[in-house]
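What follows is the residue order along each chain.
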Amino acid sequence: MAPTRDPIPPGTLDMLILQTVARLREGHGFEIAEAIRRASAEVLQVEEGSLYPALQRLLIKGWLVGTWGRTDENRKARYYRITASGKKQLAVELDSYRRVSVAIAAVLRPA
Amino acid sequence: MSRLSVWWRRLVLLLRRDRATAELEAEIRLHRELRAATLRKDGASPADAGFASARLLGNAGSLVERSRDAWGFAAVDDLRQDIRLAWRRLRQRAGYTGAVVITLALGIGATTAMFSALDAAMLRPLPFPHPERLGVLTAVRTPFRPTPRTLDRMLDITDAADLGGVFSHVAAYASGGLNLDDRDHPLHIKVGLATVDFFHTVGVIPQVGRGFATEDGLPSSARVVVLSWSLWQREYGGRQMLGQSIVMNHQSYAVVGVMPRGFAFPDQSDAWVPMSIPISAATFEASHTALITTVIARVSDSVTVERASVLLRLRWEQALLAQPKGTHQPSMLSRYLDDVHRLGAFVPLQATLGANRVTAVKLLFAMTALLLVIACANVTNLMLGQATMRAREIGVRQMLGARRGRLIRQLLTESVILSLGGALLGIALAPIAVGFLRQLLPPELLSVSPVRIDARVLAFATALALVTGVGAGWWPAVRTSVDTTHANLGGNRSATARRSGALRRLLVGVEIALTTLLLVGAGLLLHSFQNVARTDRGLRTAHVITAHLAYPRWEDNPRGRLVKMRAIADRLEAIPGIAAVGFANDLAFVDRGILMNFIIVDSVPGTLQPAEGSHWMMVSGGYFPALGIPIIQGRTFTMADDSAAPPVAIVDRSTARKYFPNGDALGHLISLGGNDPPATIVGVAADVLDEEPGRDSRIPQLYFPLAATPPASVSLVARGALTDRQLQSAVLTAVRSVDRTQPVYDIRMMQDVVHDSGAPRRTNMELMTLFAVLALALAAFGTYAVISQAAAQRQREFGIRAALGAQRGDLILLASHELAWVVAVGITVGLGVSWMAARAAATMLYHVAPHDLPTFAAVLAVLVTVALVATLAPAIRAARANPADVIRTE
């Protein structure tokens, strides 16, 4: 029985992908999805149908670059790496995310 | 910078999009396989793992598509694909495609053609710089004789020019003709007579040489001429002409300039000669005794057009009221004031050029718009029919992951391709229509602003095609793309069919109502046209030839002209078969465009009327018998009614009756006002209906003797029991034997003259009838298609009913009753709306009330007949089906 997983809150997927790719240094789509799942202690489930549109979006924006390589099983895969502008973008998003979550936490704090 | 690099990456993707798509697919495939492997490792069976991994990723096609959306070029890509798909589908269904394209070609073609006329008449700016500042000064006249008729004296052209800088340029012009006689066979050309500032006012200056200089306008100056580009090329082969002389009417004119190509204002002018100010008879009587002179002006940049108009009117009223008491009859004064208040003192040139036809053009354009709506309704209907048939295809595509928006776009692409095809076909036919539409507009307008298919018209047609494509295709696309996967794949079409059925019937109802409107319009015009054709014009036109003569020696003394006319008449009358020969300064049935105010000086007390506008003509005594116009009372003119004799006049019967109900018009005095002595009425002629019929009241017709003031150009009319050809050669021989150098032009049979005078009405009627017939055909086709398609879908039901014992009559009723109701409602609504809207056409009707019952009844009869055939024919066919066959096919 798979544990219950929460879908990723809308709008944060790009940030999660950037962060994950930054940590992995390099990874293909499946690895990124799995890394997000593992890193969130199996709580966050990347809806696999939205991963590839997001990756394409980030490629176009220039925040990720993709290079084709071989997996351990010798299969062709596109490996994503974060770019300098991707790191800058990640910093901006993390910063704003932190401010928002601190604010939300303050509101929700029991009186 | 980063934005630019985003676009760069997009462009790269677009250029290698096939490879990029393949990569994306490979990536997704890898993901699915890795996922399946993970699941198997967790203990799932290979089949379950494969299924689950696919489910987690969702529809693969849709995922690729959504990922590619990020590229931003998806739209371009999709469009290409849509077009390819649409093209394939349309080619497969040639019948459907043909029906839609032809339907749209009719609608778009007709609307585009009428737009080209509308564009020429009122939308496209005249080809002059700042045409909006160029206008006709209605209250300003150019006095044409040294002893002006004070009646005509309003503001002078010089007064307008001096109006405190309101106008930067003011000019007067008139169109006339001169004989170009520096050659073996003299040629009559159209000549614009214009004051020296004319070219500057219009804003177009000669391409070669110069325009008119101030001294060219002095009566004593040497004669100069500016040639049109076309005359220069045609007659002089474009060779160096500056400083050369050409001879017109036996006078030598020095060529000083050539206008740019295409400039022919006013009225297809071949050349321009200066008109002097003040205008003296000596330099002005080049072609007619009275040329209609128009004063135009260009408003200064510092003044608004509205302000210029008001300032001019105030100045004019001031001038008029300042004149000595008794200069004007009070009734004439108020008439002047009314006219200028009504028309405005400054009327944009374009408005005056096409004025009397604009209503007809607008109305016809509105009719083509209705026709287009009907065509669109039909196309929508055909597409809805297709929707039912392709429901299965759409269902499959939805299953395979096509999103609804994408499907709608695909379907709209198809309908836009169809409408562009229709527009293309329509535009291909438009040149034929344009030739025909020229008859709708007056030549004065066409010489400046021709009807043509240009970039504007093409842009209009393209826009129309896009709007039509989306407009007609929208509902079918939305309907077709509804997710009915289950029902569609199950093969049960009736759900979709039933939903679109109501909409399709509504469309037929709208089509029928609009068609009714068009039919009523056409019926009213047709009825009017018949009335005009049946009207006794009061003259006999058979075997009457007319020709125009402009005297080469226009400086000849008037007596000389009379002698020549007499000589020509004598030669003609000597020919056996020729019964009568006459002359007139103008022909009946030719638009003369000017009314002359007159009053009866000593009318019976109590019947004193305000001054009234009249048509006036100068005719010889022979004019009446030549055209078969009886003199009812008194006498005709003779050669003795010359300038030395007391002035006399002949009036037409309605005028005599109106002012002298007791029938004693003879001997009374009629005055055109001013200083000229009143003329004694010596005869009453029968009425000639030469005005374009349809006015509220007849315009009085006055005749004055040609011998008193022989004009410099005349029309000859001759009646004879000879063939047209014999009459023609008789006229040519007679004129040439009197003067070899005399050009004869515009030789036409009187019947043709009368026929041509009705051209605008005939064109209106023909176009309207054409549009109505097309609308009727489209509406009938639409009705037929809806019933036959609905019946085809219910064939099985019909078969079962027939097997259970339903009679054919029952089945026919079953197949047709729903639509028959809609058609009946459509006709009723259409007749109701027509009844209310008919007034709009009132000015185009003749002896037909807008609510003419016979017309409405005829329209009803035509509609009911056509509707019966269109509904019953397919219903009967459906009811004839053999139940066994029908059931077996399913």
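Procedures and definitions
- Residues numbered from 1 in each chain as written.
- Chains lettered and ligands numbered in written order.
- Predicted model: local features only at pLDDT ≥ 70, side-chain atom pairs only at ≥ 80, totals over all residues.
- Helix = DSSP H or I, 4+ residues; strand = E, 2+ residues; numbered from the N terminus.
- Buried ≥ 20, exposed ≤ 12 C-beta atoms within 10 Å, placed from the backbone.
- Contact = placed C-beta atoms within 7 Å.
- Core = buried A, V, L, I, M, F, W, Y, C linked by C-beta atoms within 7 Å.
- pLDDT = per-residue confidence, 0-100.
- Expected span 1.5 Å × (residues − 1).
- Axes fitted to C-alpha atoms, helices over the stretch in contact; angles between N-to-C directions.
- Parallel < 35°, antiparallel > 145°, perpendicular 65-115°, else oblique.
- Left-handed = near helix turned anticlockwise from the far one by under 90°.
- Pairing = 2+ DSSP bridges.

J.: Hey, could you run me through the overall build of chain A in this one?
T.: Check the secondary structure of chain A and you find four helices and four strands. The secondary structure elements of chain A, listed N-terminal to C-terminal, are β-α-α-β-α-β-β-α. Split into buried and exposed, the 111 residues of chain A put 26% on the buried side. For chain A, contacts bridging at least 24 residues in sequence account for 49% of all contacts bridging at least 6.

J.: What is the right way to look at the overall build of chain B in this model?
T.: Helix and strand counts for chain B come out as 30 helices and 23 strands. For chain B, with 890 residues in total, the buried portion stands at 43%. Taking as baseline every contact in chain B between residues at least 6 positions apart, the subset at least 24 positions apart corresponds to 84%.

J.: Where do I start with the nonpolar core in this structure?
T.: Residues and elements named next belong to chain B. Counting residues in each nonpolar core, the largest one holds 161 residues, and the members touching the most others are Ala117, Val225, Leu371, Leu518, Phe771 and Ala775. Not counting the four nearest positions on each side in its chain, phenylalanine 771 is found in contact with Ala110, Met367, Thr368, Leu371 and Leu518. Counting residues in hydrophobic clusters, the runner-up holds 61 residues, among them Ala584, Ala679, Leu706 and Val753.

J.: In this structure, what is going on with the confidence of the model for chain A? I would like to understand it.
T.: Low pLDDT marks stretches whose predicted atomic positions should not be read closely. Of the residues in chain A, 89% have a pLDDT of 70 or more, and the chain-wide mean is 83. Mean pLDDT in chain A bottoms out at strand E1 (residues 6-7) of chain A, which sits at 63, and peaks at strand E4 (residues 76-82) of chain A, which reaches 91.

J.: How do you make sense of the interface of chain A and chain B when you look at a structure like this?
T.: It is common to give the size of an interface as the accessible area lost on bringing the parts into contact. Taken together, the 16 residues of chain A in the interface contact 23 residues of chain B. Of all the secondary-structure elements, those providing two or more residues to the side of chain A that touches chain B are helix H2 (29-39), helix H3 (48-61) and E4 of chain A. Counting residues per element, the side of chain A that touches chain B draws most heavily on H3(A), at eight residues.

J.: How should unusual backbone geometry be read in this particular structure?
T.: Of all residues except glycine, most have a negative phi; of all peptide bonds, most are trans. All names here are of chain B. Cis geometry marks the peptide bond from phenylalanine 265 to proline 266, where omega comes out at -5°. Within the secondary structure, proline 266 is located in the loop between strand E9 (251-258) and strand E10 (271-274). Even without being glycine, histidine 130 reaches a positive phi, approximately 40°. Relative to the helices and strands, histidine 130 resides in the loop between helix H6 (94-123) and strand E1 (134-137). Its 12 C-beta neighbours within 10 Å are what place histidine 130 among the exposed residues. Positive phi is not limited to glycine here, since histidine 543 has a value of about 55°. Within the fold, histidine 543 resides in the loop between helix H20 (494-534) and strand E13 (544-550). Take histidine 543: there are 20 C-beta atoms within 10 Å of it, and that puts it in the buried class.

J.: Just checking my understanding: could you explain helix H4 (residues 84-108) of chain A for this structure?
T.: Counted at 1.5 Å a residue, the expected span for H4(A) with its 25 residues is 36 Å, and the 36 Å between its end C-alpha atoms agrees. Burial analysis of H4(A) places just one of its 25 residues in the buried class, a small minority of the element.

J.: Got a minute to help me understand the environment of B:Met259 in this structure?
T.: Residues and elements named next belong to chain B. Relative to the helices and strands, methionine 259 resides in the loop between E9 and E10. A count of 27 C-beta atoms within 10 Å places methionine 259 in the buried class. With 13 residues separating them in the primary sequence, methionine 259 and tryptophan 272 have C-alpha atoms 9.4 Å apart. Here methionine 259 is in contact with Val204, Pro206, Gln207, Val226, Ser228 and Trp229, once residues within four sequence places are set aside.

J.: Explain the packing of helix H1 (residues 13-24) of chain A against H3(A) here, please?
T.: The angle between the axes and the distance between the axes are what describe a pair of packed helices. All names here are of chain A. Running from amino to carboxyl end, H1 crosses H3 at an angle of 75°, the nearest separation of the two axes being 10 Å. One way to sum up the angle between H1 and H3 is to call them roughly perpendicular. Between H1 and H3, the contacting residues are Leu13, Asp14 and Ile17 on the first element and Ser50, Ala54, Leu55 and Leu58 on the second.

J.: What's the story with the packing of helix H21 (residues 558-574) of chain B against helix H24 (residues 724-738) of chain B in this structure? I'm lost.
T.: Residues and elements named next belong to chain B. Contact geometry for H21 and H24: axes closest at 9 Å, N-to-C directions at 135°. It follows that H21 is oblique to H24 by the angle criterion. Our pair here, H21 against H24, has a crossing hand that is right-handed. In this structure, H21 uses Lys564, Ala567, Ile568, Arg571 and Leu572 to contact H24, whose residues at the interface are Ala730, Val731, Ala734, Val735, Ser737 and Val738.

J.: When you look at the environment of B:Val347 in this model, what are you seeing that I'm missing?
T.: Residue and element names in this part refer to chain B. Take valine 347: it is sitting in strand E12 (residues 346-348). For valine 347, a count of 16 C-beta atoms within 10 Å gives the class partly exposed. Each C-alpha atom of the pair valine 347 and leucine 134 lies 8.5 Å from the other, and the pair is 213 residues apart in sequence. When residues no more than four places from it in sequence are discounted, the contact partners of valine 347 are Gly135, Val136, Thr138 and Thr352.

J.: Which parts of the structure should I look at to understand the confidence of the model for chain B?
T.: Residues and elements named next belong to chain B. Looking at chain B as a whole, its pLDDT mean stands at 79, while 86% of the residues score no less than 70. Contacts of residues 144-153 to residues separated by more than four positions or lying in other chains number 25 contacts, the stretch itself having pLDDT below 50. Confidence over residues 280-289 falls short of pLDDT 50; this stretch has 32 contacts with residues more than four positions distant or in other chains. Interface confidence for the predicted complex, expressed as ipTM, amounts to 0.85; the pTM equals 0.69.

J.: Teacher, can you tell me more about the pairing of E13(B) here?
T.: Sheet faces and side chains relate simply in a regular strand, where the side chains alternate between the two faces. Residues and elements named next belong to chain B. Summarising burial for E13: six of the seven residues are buried, a large majority. Where E13 meets strand E23 (residues 744-749), four bridges bridge the pair, whose relative direction is antiparallel. If you follow histidine 548 over to E23, its bridge partner there is tyrosine 745.

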